[in-house]
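Residue-level structure breakdown
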Amino acid sequence: MGKKAQERKRRLRNGEIPTNSFSDIAFLLIIYFLVATTLVKVKTITAEMPTGEKNAQSQSDKTPTINLRAGDIHFNDKKVDIEELNNKLAELDLPAKDPSKRVILLESVQGTPYQDYFQALATISAHGGVVALVEEE
Amino acid sequence: MKASRVNRKKRRHVPVPIASMGDIAFLLIIFFLVCSEVSKDNTNLQVSLPESRHVAKNEDTFAARVAIDESGEIFLDGVRVDGAKDIEWGVRALLTSTVTEEQRYVQFKCDSVISKETFEPVIKAISEAGGRLKAVGELEN
């Protein structure tokens, strides 16, 4: 009888639980977790908005306004493209201003797609603006 | 004589201690289980994200996740809700235990073709509930 067979026989006689494969099982579980885990990191923009209850404050003449009308962007009633909007907002130097002076009004017509809205939101946020949504009366 | 001694030396069995390997492995599993967070993001949603060149990788954790899919259905933490009012109450409830500004981020995912009538009330609801909007998008090519 071989040495191994004798050893097996001895173990069976003693009633030992075979634990040799435990580490293999554990490592297989680790590999499963590593493979199945997805580290999701979404890309976002942070839109600074006045939080809390609705404010019925009327629009000030000096507050910069962005209008989204049928695919066009209007900045202070002047038609601009996204590049010009970037430049105009950069000229305002919003981060240097007091938070109350950083408000940019965002107005849009019915049916404006989220893509256009998102572009405007992202541009305002990138230049440190606080977005105030204009509600139709 | 000399050669046979060498052969005997070669045959000597050197056991590698592997008794603690199982313990180490299970400790690693427990570590992963404790440290991992189950994603509440509903990945089955049909959402084509809007694009902008200003988006950046998000490092903050979200207090709530709001999504609007391509059919205009609204979801709060993966559960379908009826409208913006439900979002406001839901987000308000989730934000009650928050202390700092950084704990009030709300992820907002919306399909790029959804019109203003659907998404704007939701954005307003998040804002009115005290959430700080983090709109998800993709980097413009």
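See the structure shown above.
So, a few notes on the structure that sits alongside this text. Throughout, a residue's number is its position along its own chain's written sequence, starting from 1. Ligands are numbered from 1 and chains lettered from A, in the order in which they are written. Note on the predicted model: pLDDT of at least 70 is required for a residue's local features to be given, and 80 or more for side-chain atom pairs to be given and counted; whole-chain, interface and lining totals, by contrast, use all residues. With hydrogens and water stripped out, all remaining heavy atoms of the structure feed into the side-chain values.

Within chain A, the secondary structure is distributed over four helices and six strands. Reading chain A from its N terminus to its C terminus gives the helix and strand order α-α-β-β-β-β-α-β-α-β. The contact definition used throughout considers only heavy atoms, calling two residues in contact when any of these lie within 4.5 Å. Here the contacts in chain A between residues at least 6 apart in sequence split such that 62% fall between residues at least 24 apart. Strands here are runs of E lasting at least two residues and helices are runs of H or I lasting at least four, both read from the DSSP assignment and numbered beginning at the N terminus.

All names here are of chain B. Only protein chains enter the accessibility calculation, which uses a 1.4 Å probe; a residue is then buried when its area is under 20% of its type maximum, exposed when over 50%, and partly exposed in between. Of all five residues in strand 3 (residues 64-68), five are buried, a share of seventy percent or more. Side chains Ala64, Val66 and Ile68 of strand 3 all project onto a buried face; the interleaved residues Arg65 and Ala67 project onto the opposite face, where all are buried too. Here, any two strands with at least 2 DSSP bridges between them count as paired. The pairing of strand 3 with strand 6 (residues 105-110) spans five bridges and is parallel. Of the residues in strand 6, the one forming a bridge with Val66 is Phe108. Relative to strand 4 (residues 74-76), strand 3 runs antiparallel, the two being bridged by three bridges. Pairing of Val66 across the sheet is with Leu76, part of strand 4. Remark: five residues form the turn of the hairpin made by strand 3 and strand 4, two consecutive strands paired antiparallel; Gly72 in that turn has positive phi of roughly 85°.

All names here are of chain A. Strand order in the open sheet formed by five strands is 4-3-2-5-6, and the pairing between neighbours is mixed. The open sheet terminates on both sides in strands that have one partner only, identified here as strand 4 (78-80) and strand 6 (130-133). Strand-to-strand twist across the sheet, computed as the mean angle between neighbouring axes with direction ignored, equals 30°. Alignment of strand 2 (residues 65-69) against strand 3 (residues 72-75), held across four bridges, turns out to be antiparallel. What sits directly across from Arg69, in strand 3, is Asp72. Every angle, taken between N-to-C directions, lies between 0 and 180 degrees, and every axis is a line fitted to C-alpha atoms, over only the stretch in contact when it is a helix. Sheet strands in contact with helix 4 (residues 114-126) are strand 2, strand 5 (103-108) and strand 6, and its direction is about 175° off that of strand 5.

Residues and elements named next belong to chain B. Packing of helix 3 (residues 84-94) against helix 4 (residues 116-128) leaves a shortest axis separation of 8 Å and a crossing angle of 25°. Of the possible angle classes, the one that applies to helix 3 and helix 4 is roughly parallel. In this structure, helix 3 meets helix 4 at a crossing whose hand is right-handed. Residue-level inspection shows Ala84, Ile87, Glu88 and Arg92 of helix 3 in contact with helix 4, the latter providing Pro121, Val122, Ala125, Ile126 and Glu128. Residues belonging to the contact of helix 3 with helix 4 are distributed by class as follows: six nonpolar, no polar and three charged. Roughly parallel here means an angle under 35 degrees, roughly antiparallel means over 145, roughly perpendicular means 65 to 115, and every remaining angle is called oblique. Definitions for this section: a left-handed crossing has its near helix turned counterclockwise from the far helix by less than a right angle. A right-handed crossing has that turn clockwise. Lys, Arg, Asp and Glu make up the charged group, whereas Ala, Val, Leu, Ile, Met, Phe, Trp, Tyr, Cys and Pro make up the nonpolar group; the residues left over, Gly among them, are polar.

All names here are of chain B. In terms of residue burial, strand 6 counts as a mostly covered element, since six of its six residues are buried. The two faces of strand 6 match: Tyr105, Gln107 and Lys109 on one face and Val106, Phe108 and Cys110 on the other face are all buried. Pairing of strand 6 with strand 7 (residues 132-136) involves four bridges; the strand directions are parallel. Directly across from Tyr105, in strand 7, lies its bridge partner Arg132. Handedness of a crossover: with both strands directed away from the viewer, a clockwise path from the first strand across the helix to the second marks it as right-handed. Handedness of the β-α-β unit built from strand 6, helix 4 and strand 7 comes out right-handed.

Once that is clear, we can look at helix 4 of chain B. Residue and element names in this part refer to chain B. Taking 1.5 Å per residue as the helical rise, helix 4 with its 13 residues ought to reach 18 Å, and the 17 Å between its terminal C-alpha atoms agrees with that figure. Judged by how many residues are buried, helix 4 sits mostly within the fold: 10 of 13 residues are covered. Listing the buried residues of helix 4 in full gives Lys116, Phe119, Glu120, Val122, Ile123, Lys124, Ala125, Ile126, Ser127 and Glu128. Once helix 4 ends, the next one or two residues include Gly130, with phi positive near 95°. Given a helix with a known number of residues, its expected span is that number minus one, times 1.5 Å.

On to a nonpolar patch on the surface. A contiguous nonpolar surface patch, about 950 Å² in accessible area, is contributed by Phe27(A), Leu28(A), Ile31(A), Leu34(A), Val35(A), Val16(B), Ile18(B), Met21(B), Ile24(B) and Leu28(B). With five residues, helix 2 (residues 22-36) of chain A is the single largest residue contributor to the nonpolar patch. Examined against the element boundaries, Ile24(B) turns out to sit in helix 2 (residues 21-35). Classification of Ile24(B) as partly exposed rests on a relative accessible area of 41%. Residues enter patches when their relative accessible area tops 30% and they take part in no salt bridge; the joining distance is 9 Å for like charges and 5 Å for the nonpolar side chains Val, Leu, Ile, Met, Phe, Trp and Tyr. Accessibility throughout is a Shrake-Rupley quantity obtained with a 1.4 Å probe, and a residue counts as covered only by protein chains that appear here. Here, a salt bridge means any Lys or Arg side-chain nitrogen found within 4 Å of an Asp or Glu carboxyl oxygen.

Attention now goes to the packing of helix 2 of chain A against helix 2 of chain B. Put simply, helix 2 of chain A and helix 2 of chain B touch, their axes get as near as 8 Å, and they point 25° apart. Between helix 2 of chain A and helix 2 of chain B, the crossing angle belongs to the class labelled roughly parallel. Two packed elements cross with a definite hand, and for helix 2 of chain A against helix 2 of chain B that hand is left-handed. Of the residues in helix 2 of chain B, those touching helix 2 of chain A at Phe22(A), Ser23(A), Ala26(A), Phe27(A), Leu29(A), Ile30(A), Phe33(A) and Leu34(A) are Met21(B), Gly22(B), Ala25(B), Phe26(B), Leu28(B), Ile29(B), Phe32(B) and Leu33(B). Here the residues of the contact of helix 2 of chain A with helix 2 of chain B are counted per class, giving 14 nonpolar, two polar and no charged.

In short, geometric facts, not functional conclusions.
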